[in-house]
Amino acid sequence: MTYTNLLFFFATLGVFNVIVIAAILITRRKNREVFQMVLGLLLLSLATRVGVSCFYFFERIIHPTIIQIGMTANVLSGVLLYVLMGTGKRKLREIDKQQLFLVPVLLLAFGLIYPFSQHFQVWDWRIRFVFHGILTAYLIAAGLRLRNQDGQRTSAYRPRTKKLIYIVFVLQCLSFATSLFVNYILGPVLFSLIFYAASIYYFFGIEQNRREVADRYANKKIAAKEATALLAKMDLLIYESHLYTNKNLKVADLARQMQLGRHQLSQLLNDNLGIGFSDYINRFRIEKSKDLLLTKRNLSIEGIGYESGFNSKSTFFTTFKKYTGLTPKHYIEKNSVQD
C-alpha cells in the first residue's frame, strides 16, 4: 500500500464511520430525541462535504454536480450547527424550523437554476466565497447561541456535548482552511483525526461523569428507618392511585410525587430492594394481571396485559413468564384446576 493510498484509506474511514453514526442517530426509534436527529443530519452533511473533498483530491476529475453537492453540504452544516446549539430534547424552535426548511430549498433552487456544471468560473471565483461567508456567519451565530445557552431553558440541554461539537466543527473548518495553503488532503485527514479524538474524549467524559454521579449519591444513602417508611409510602401511593397502569410511567414521574430526586429514588430501590424501577413497577402489574386473569374471563389475555399497564402483548407475556414461570394461559389453566 502506497503512502497516497494510506492517506486515502484513513480519510475515507473517518467519513464512513461518521456516516454510520449519523444513520444510527437519524433512524433510531427508541428514546428518539430532536437533538439526536439534528446531530445526525449535521454529521451526514459533514461526511458529505469531506467525502467529496477526498474523491476530489484523489480522483481529480469528478462530475461537477458532485462538487456542487459538496459545497452545498458545507453551507447546510453551518445551518445545522446553528440549529443544534439551540435544540432541546423534544422541542425545535419555530425559527429553527424555518431555517431547516428555507435554506435547503433556496440552495436547491439556486443549484438547479444556476448549476456548477454550466457556470464553473462563477462558482469557483465568486459563489464559493459567498458560501464560505454564509458558513462563517452561521458559525459565529452558533457560537453566540452557545454562549447564551445558560439563560435559555431550551438550548441549555446537553451543554457539554454542544460545546464539544462546536469545538470539533471549528477545528474542522480551520483544518480545511489550512489545507488550501498546505495540502488539500490535510482537511479530510485532520477531519478523521479530530473525529476519533472527539469520540474518545466524549466517551471518556461519559464514564467519568457516571463515576462522579455514583460517588455523589453514594454519600447520600438514605437511612434504613427512613428508607422503610418511604418504601411503605410508595407502595401505598402506587397501589391506591393505580400508577402502575400508566404505560408511560417514568422514574421521574414517581420521584416527583414522592418529592425525591430521580437518582435518590433509583438508589432507594437498588439499596433496599435490590431491583430497578422497571422491576419494581412490574411487580404491581403482574399482581394485577394475575387477579384479572382469574376474575375477568370476558377479557382477552392481551386486553388484561393492557389493563395491567403493559404497553404491548409481547412485553406482558415475557414479563409474566419471568415472574411466575408460566404463560398467562397456563396460569389460568393451573389455577382453574386447583379451584
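The structure reproduced in this document is the subject of the present report.

The rules we used
Residues numbered from 1 in each chain as written. Predicted model: local features only at pLDDT ≥ 70, side-chain atom pairs only at ≥ 80, totals over all residues. Heavy atoms only, no water. Helix = DSSP H or I, 4+ residues; strand = E, 2+ residues; numbered from the N terminus. Buried < 20%, exposed > 50% of the residue type's maximum accessible area, 1.4 Å probe, protein only. Contact = heavy atoms within 4.5 Å. Areas by Shrake-Rupley, 256 points an atom, 1.4 Å probe, with all protein chains shown as cover. Phe/Tyr/Trp six-rings, centres within 6.5 Å; stacked < 30°, edge-to-face > 60°. Lys NZ or Arg CZ within 6 Å of the ring centre and 35° of its normal.

So, on to the overall build of the chain. Looking only at helices and strands, one finds 14 helices and zero strands in the chain. The order of helices and strands in the chain, counted from the N terminus, is α-α-α-α-α-α-α-α-α-α-α-α-α-α. Expressed as a percentage of the 339 residues in the chain, the buried residues total 38%. Summarising the internal contacts of the chain: among those between residues at least 6 apart in sequence, 68% fall at separations of at least 24. Here the chain displays about 20,100 Å² of accessible surface, and carbon together with sulfur accounts for 60% of that area.

On to the side chain of Thr161. Inspection of the secondary structure puts Thr161 in helix H6 (residues 159-179). Looking at Thr161, the relative accessible area reads 14%, which means it is buried. If we skip the residues at most four places from it in the chain, Thr161 touches Phe35 and Tyr202.

A few words on the packing of aromatic side chains. Per the counting criterion, the structure on display carries 13 aromatic pairs. A ring pair is formed by Phe310 and Phe316, whose centres lie 5.3 Å apart and whose planes are at 45 degrees; its orientation type is tilted. Residue class for Phe316 comes out buried when judged on its relative accessible area of 0%. Clustering of aromatic rings is evident, with ring pairs tying together Phe110, Tyr114, Phe116, Phe120, Trp123 and Phe131. Above the ring of Phe129, the side-chain terminus of Arg128 is found at 4.7 Å from the ring centroid. Above the face of the Tyr82 ring, Arg145 is positioned so that its terminal group lies 4.1 Å from the ring centre.

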